[in-house]
Amino acid sequence: MLSKLAVINPDAQIGENVSIGHFTIIDKDVVIGDNCRIHPHAVIYSGARVGNHCEVFPGAVIAGIPQDLKFNGEDSTVEIGSHTTIRECVTINRGTVSKGKTIVGSNCLIMAYSHVAHDCVIKDHVIIGNATQIAGEVDIDDYAIISGGALVHQFGKISKHVMIQGGSRVAKDVPPYTLIGRDPIIYCGINIVGLRRRGFTKEKIYLIQDIYRTLYARGLNTTDAVQCIENEYESSEERDLILTFIKSSKRGIVRGSIDE
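What this report covers is the structure whose coordinates are included nearby.

Thresholds applied
- Residues numbered from 1 in each chain as written.
- Predicted model: local features only at pLDDT ≥ 70, side-chain atom pairs only at ≥ 80, totals over all residues.
- Heavy atoms only, no water.
- Salt bridge = Lys/Arg side-chain N within 4 Å of Asp/Glu carboxyl O.
- Helix = DSSP H or I, 4+ residues; strand = E, 2+ residues; numbered from the N terminus.
- Buried < 20%, exposed > 50% of the residue type's maximum accessible area, 1.4 Å probe, protein only.
- Pairing = 2+ DSSP bridges.
- Contact = heavy atoms within 4.5 Å.
- Axes fitted to C-alpha atoms, helices over the stretch in contact; angles between N-to-C directions.
- Left-handed = near helix turned anticlockwise from the far one by under 90°.
- Core = buried A, V, L, I, M, F, W, Y, C linked by side-chain atoms within 4.5 Å.
- Phe/Tyr/Trp six-rings, centres within 6.5 Å; stacked < 30°, edge-to-face > 60°.
- Lys NZ or Arg CZ within 6 Å of the ring centre and 35° of its normal.

So, on to the pattern of salt bridges. Using the criterion set out here, one finds 14 salt bridges in the structure. The partner of D141 in a salt bridge is K123, and the shortest N-O contact between them spans 3.9 Å. Of this pair, D141 sits in the loop between β20 (139-140) and β21 (145-146) while K123 sits in the loop between β17 (121-122) and β18 (127-128), and the two are 18 residues apart along the sequence. On the basis of relative accessibility, which here comes to 14%, the residue D141 falls in the buried class. Linked by salt bridges that have partners in common, D68, K70 and E137 make up one network.

A word on the pairing of strand β10 (residues 61-64). In terms of strand pairing, strand β7 (residues 43-44) meets β10 through two bridges, oriented parallel. For V43, the partnering residue across the bridge sits in β10 and is V61. Sheet topology places β10 next to strand β13 (residues 91-93); three bridges connect them, and they run parallel. By the bridge assignment, I62 is partnered in β13 with I92.

So, on to the sheet that holds strand β27 (residues 186-190). Within a sheet, each strand pairs with its neighbour through backbone hydrogen bonds, oriented either parallel or antiparallel. As summarised here, the arrangement of the 10 strands in space is β3-β6-β9-β12-β15-β18-β21-β24-β26-β27, forming an open sheet in which the pairing is mixed. Edge strands, defined here as strands with exactly one partner in the open sheet, are β3 (19-20) and β27. Pairing between β3 and strand β6 (residues 37-38): two bridges, direction parallel. When the sheet's bridge partners are listed, S19 is paired in β6 with R37. Against the sheet, helix α2 (residues 202-216) contacts β26 (178-181) and β27, and its axis sits at roughly 155° relative to β27.

As a further point, take the packing of α2 against helix α3 (residues 222-232). Packing of α2 against α3 brings their axes to within 8 Å, and their N-to-C directions diverge by 145°. Crossing geometry of α2 relative to α3 is assigned as right-handed. Only A225, C228 and I229 of α3 make contact with α2, whose side of the interface consists of I211, T214 and L215.

Our next topic: the nonpolar core. Among the nonpolar cores identified, the biggest contains 66 residues, and I32, I62, I86, I140 and I158 are the most heavily contacted of them. Elements with a minimum of two residues in this core: β8 (48-50), β10, β11 (77-80), β27, α2, α3 and α4 (237-248). Considering each element in turn, this core owes the most residues, six residues, to α2. Those residues in contact with I32 that lie beyond four places of it in its chain are Q13, I14, G15, V18, I26, I38, I44 and V50.

Looking now at the packing of aromatic side chains. Under the definition given, this model contains four aromatic pairs. Residues Y177 and F200 carry aromatic rings whose centres are separated by 5.8 Å and whose planes lie at 75° to one another, so their mutual orientation is edge-to-face. Here F200 lies in the loop between α1 (192-197) and α2 and Y177 lies in the loop between β25 (169-170) and β26, a separation of 23 residues in the sequence. Across this residue pair, the class does not change: Y177 and F200 are buried. Here the aromatic rings of Y212 and Y216 are separated by 6.1 Å at their centres, their planes lie at 10°, and the arrangement is stacked. Of this pair, Y212 and Y216 both sit in helix α2, four residues apart, which is roughly one turn of that helix. With respect to burial, Y212 and Y216 carry one shared label: buried. By way of ring pairs, the aromatic residues Y187, Y212 and Y216 are connected into one cluster. Between the NZ or CZ atom of R87 and the centre of the ring of F57, over which it lies, the distance is 3.9 Å.

Interpretation note: all reported values are geometric properties and have no functional meaning in isolation.
In structure tokens, the structure reads:
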């Protein structure tokens, strides 16, 4: 299952039942887990760590040198979890001295022509749409969906269960459970469809909606809204995640609708 036309460094660690297509290049210091399929013309450079049951499509480049001026040739990695799909012409750069690694979690789908820059941390079950560009040191939490053609500013944070409209320019942090869109981007509601698909009860969905009404629709600044949420809602996983994210945001969160 290893093509004779592929270039595979003898120091690369290739798992069991791996398929590697014609004209693929596998560099030294690469680890590829079991049951992976690497399509023709993919390039996997030194520092790549690919989990089990992954699929890498033609033209993808994993663990390329970071496009960052502070990179000075130090050892760093790209770590990709299991059951993740990397589509055509995706580029994922390895880390710099900042974090030392770029992480893409398990069960992710990175669609064609997308870019994941140095030191990003993308957690599990994330979908990144076609031609989306993720700048350096961005954190994206579980079950986030970023639609095609989006641009995400460096150091940005995107929380869990978020849905971001295609073509968005994301320059602020995106709090959990939200639906984000328009130009410039604003809060457009909560990601009800996504939450229902993931088993959130009606009660939890209503609670999340109500918290965001307090944050965005009561005419309060962020500090006062956070205080109201703490005072008016009992502690819960959903409330505490929203509060923790807002309090920890250094860039500030996306604004509410100008119509509210």
